[in-house]
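Given next are the chains, with one letter for each unit.
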Amino acid sequence: GMLAVHQQGIDYPARVVERCRFRGMSPWITLRMNDCHYNDNMQHSFHGTFWKKNPQFYRQGCTGYFARCLDYAHPEVRDIYLALITETLQRYDIDGLELDFMREPYLFSAGKEQEGAAILTEWLRGVRHLVKEAGVRRGHPVSLGVRVPSQPRTAHDMGLHAVAWAKEGLIDLLVVTPRWSTLEFAMPLEQWKAQLGDAAVVLAGGLEILYRPCPDGAPAPSSPELATGAAVAVLARGADAVYLFNYFQDG
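The shown structure was predicted, so the numbers you read here are calculated from the model rather than taken from an experiment.

The rules behind each value
Residues numbered from 1 in each chain as written. Predicted model: local features only at pLDDT ≥ 70, side-chain atom pairs only at ≥ 80, totals over all residues. Heavy atoms only, no water. Pairing = 2+ DSSP bridges. Helix = DSSP H or I, 4+ residues; strand = E, 2+ residues; numbered from the N terminus. Axes fitted to C-alpha atoms, helices over the stretch in contact; angles between N-to-C directions. Buried < 20%, exposed > 50% of the residue type's maximum accessible area, 1.4 Å probe, protein only. Arc of directions from axis to C-beta. Contact = heavy atoms within 4.5 Å. Salt bridge = Lys/Arg side-chain N within 4 Å of Asp/Glu carboxyl O. 1 Å grid on protein atoms, 1.4 Å probe; cavity = no way out; pocket = protein on both sides within 12 Å on 5 of 7 lines; lining within 4 Å. Points joined across faces, edges and corners; volume = space filled by probe spheres on them. Nonpolar A, V, L, I, M, F, W, Y, C, P; charged D, E, K, R; others polar. Patch = residues over 30% accessible without salt bridge, like charges linked within 9 Å, V, L, I, M, F, W, Y side chains within 5 Å. Areas by Shrake-Rupley, 256 points an atom, 1.4 Å probe, with all protein chains shown as cover. Phe/Tyr/Trp six-rings, centres within 6.5 Å; stacked < 30°, edge-to-face > 60°. Lys NZ or Arg CZ within 6 Å of the ring centre and 35° of its normal. Core = buried A, V, L, I, M, F, W, Y, C linked by side-chain atoms within 4.5 Å. Parallel < 35°, antiparallel > 145°, perpendicular 65-115°, else oblique. Left-handed = near helix turned anticlockwise from the far one by under 90°.

Asks: Hey, could you go over the sheet that holds strand β5 (residues 202–207) for me, with residue numbers and the actual values?
Replies: A sheet is described by the order of its strands in space; here 6 strands give the open sequence β1-β2-β3-β4-β5-β8, paired in parallel fashion. In this open sheet, the two edge strands, each paired with only one partner strand, are β1 (28–32) and β8 (241–244). Strand-to-strand, the axes of this sheet are offset by a mean angle of 25 degrees, without reference to chain direction. In terms of strand pairing, strand β3 (residues 143–149) meets strand β4 (residues 173–177) through 5 bridges, oriented parallel.

Asks: An account of helix α8 (residues 189–196) is requested, with residue identities and associated values reported.
Replies: The α-helix advances 3.6 residues per turn, and as a result positions three or four apart in sequence lie on the same side. Along α8, the residues that are buried comprise L189, W192 and L196. Summarising the axial view, the buried residues of α8 lie within an arc of 55 degrees, below the 170-degree limit, and thus occupy one face. Against β3, α6 (152–157), α7 (162–168), β4, β5 and α9 (224–236) lie the buried residues of α8. Of the residues trailing α8, G197 is marked for its positive phi of about 60 degrees.

Asks: Talk me through the pattern of salt bridges; I want residue IDs and the actual numbers.
Replies: Under the counting rule described, the total for this entry stands at 15 salt bridges. Across the pair R21 and D95 runs a salt bridge whose closest N-O atoms are separated by 2.8 Å. In this pair, R21 sits in helix α2 (residues 12–23) while D95 sits in the loop between α4 (75–91) and β2 (96–100), placing the two residues 74 residues apart along the sequence. Judged by its relative accessible area of 34%, R21 falls in the partly exposed class. Residue class for D95 comes out buried when judged on its relative accessible area of 16%. Shared partners join several salt bridges into a network, and the residues in it are D11, E87 and R91.

Asks: Requested: an account of the layout of surface pockets, with residues and values cited.
Replies: Quantified by volume, the largest pocket comes out at close to 2500 Å³. Listing elements by their share of the lining of the largest pocket, those giving two or more residues are α1 (2–7), α2, β1, α3 (49–53), α4, β2 and β8. A per-element tally of the lining of the largest pocket places α4 first, with 7 residues. Residue composition of the lining of the largest pocket, grouped by class: 29 nonpolar, 13 polar and 8 charged.

Asks: Let's hear about a nonpolar patch on the surface: which residues, and what values?
Replies: On the surface, a nonpolar cluster with roughly 290 Å² of combined accessible area is contributed by M2, Y12 and V16. Mapped onto the elements, M2 comes out in helix α1.

Asks: Go over the packing of aromatic side chains with me, naming the residues and quoting the values.
Replies: One pass over the full model with this rule turns up 9 aromatic pairs. Arranged with centres 5.8 Å apart and planes meeting at 50 degrees, the rings of F101 and W165 form a pair that is tilted. Highlighted residues: F101 in the loop between β2 and α5 (113–138) and W165 in helix α7, separated in sequence by 64 residues. The same class applies to F101 as to W165, namely buried. What links up through ring pairs into an aromatic cluster is the set Y65, F66 and Y106. One Lys or Arg, R147, reaches over the ring of F245 and ends 3.9 Å from the middle of that ring.

Asks: Give me the lowdown on the nonpolar core, citing residues and values where you can.
Replies: Proteins that are soluble and globular tend to have nonpolar side chains buried together. By size, the foremost hydrophobic cluster in this structure holds 55 residues, and its most contacted members are L97, L99, F101, W123, V148, W165 and L174. The element best represented in this core is α5, accounting for 7 residues. Apart from the residues within four sequence positions on either side, L97 is in contact with W28, I29, L31, I85, T88, L89, V131, S143, L144 and G145. Core analysis: the second largest hydrophobic core is formed by 5 residues, V175, A204, Y243 and F245 among them.

Asks: Quick one: what's the story with the packing of α4 against α5, residue by residue and with numbers?
Replies: What describes two packed helices is the angle between their axes and the distance between those same axes. Interhelical geometry of α4 versus α5 gives an angle of 15 degrees and a closest axis separation of 10 Å. Our classification of the angle between α4 and α5 gives roughly parallel. Judged by the twist between their axes, the crossing of α4 over α5 is right-handed. In this structure, α4 contributes R78, Y81, L82, I85, T86, L89, Q90 and R91 to the contact, and α5 contributes I119, W123, V127, L130, V131, A134, R137 and R138. Across the contact of α4 with α5, the residue classes break down as 10 nonpolar, 2 polar and 4 charged.

As structure tokens, then:
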């Protein structure tokens with residue numbers, strides 16, 4: 001469907017940004033930083049040419065669903081995402097850019113996460129520079145946000161040193177969140193707040209759309225009551241904001 005819209009000459013994000021401005025809303029664009037949907041079908045239209053033609057850049061020492069995520073240790077991988085970020089900032093007058101590391105948080109080969117953390121932080125410094133340039137060019141601030149795992153230790157161990165990014169001033173918004181399978185009612189936001197200290201960053205707790213009461217249970221869409229309860233827990237534990245993911249509105 002999006003391809004058909006593009007082929008009609010319609011720039012969908014530009015139209016949404018324009019409509020947000022008209023409605024008094026602050027437009028952001030989010031980019032998934034390592035999405036591997038449909039990775040069992042190499043010819044699926046979801047995949048770009050780079051992913052199809054460069055299996056040597058997949059993560060090594062990994063099996064299962066995330067084995068075909070790209071490895072950010074390769075400069076070619078970092079460069080293609082940087083090009084996407086550059087194009088986004090040049091084409092669209094947005095108030096913020098979000099880098100969604102939760103799709104997917106597996107950015108490095110097995111056992112190489114901490115080596116990769118330094119590479120990723122240096123790369124993020126370059127992104128921050130581009131975002132600041134965009135703000136000057138547009139005549140208004142442009143913020144930078146990230147999504148990372150809800151548990152501080154998990155994020156750190158995967159090479160996503162979000163606390164260090166915040167303290168260095170590389171990010172303005174930090175969304176901590178579970179990944180897909182269920183709402184999480186007890187995210188350790190107190191730990192995040194303590195580790196962030198006086199870093200000038202907005203801390204948000206992310207709510208997923210699914211609710212799965214036990215690991216092997218059947219998932220169901222979150223009800224308004226469940227989402228409200230999770231949101232109250234997020235705010236009660238010290239977050240500055242609640243972030244909704246995949247909460248689509250019908251009609």
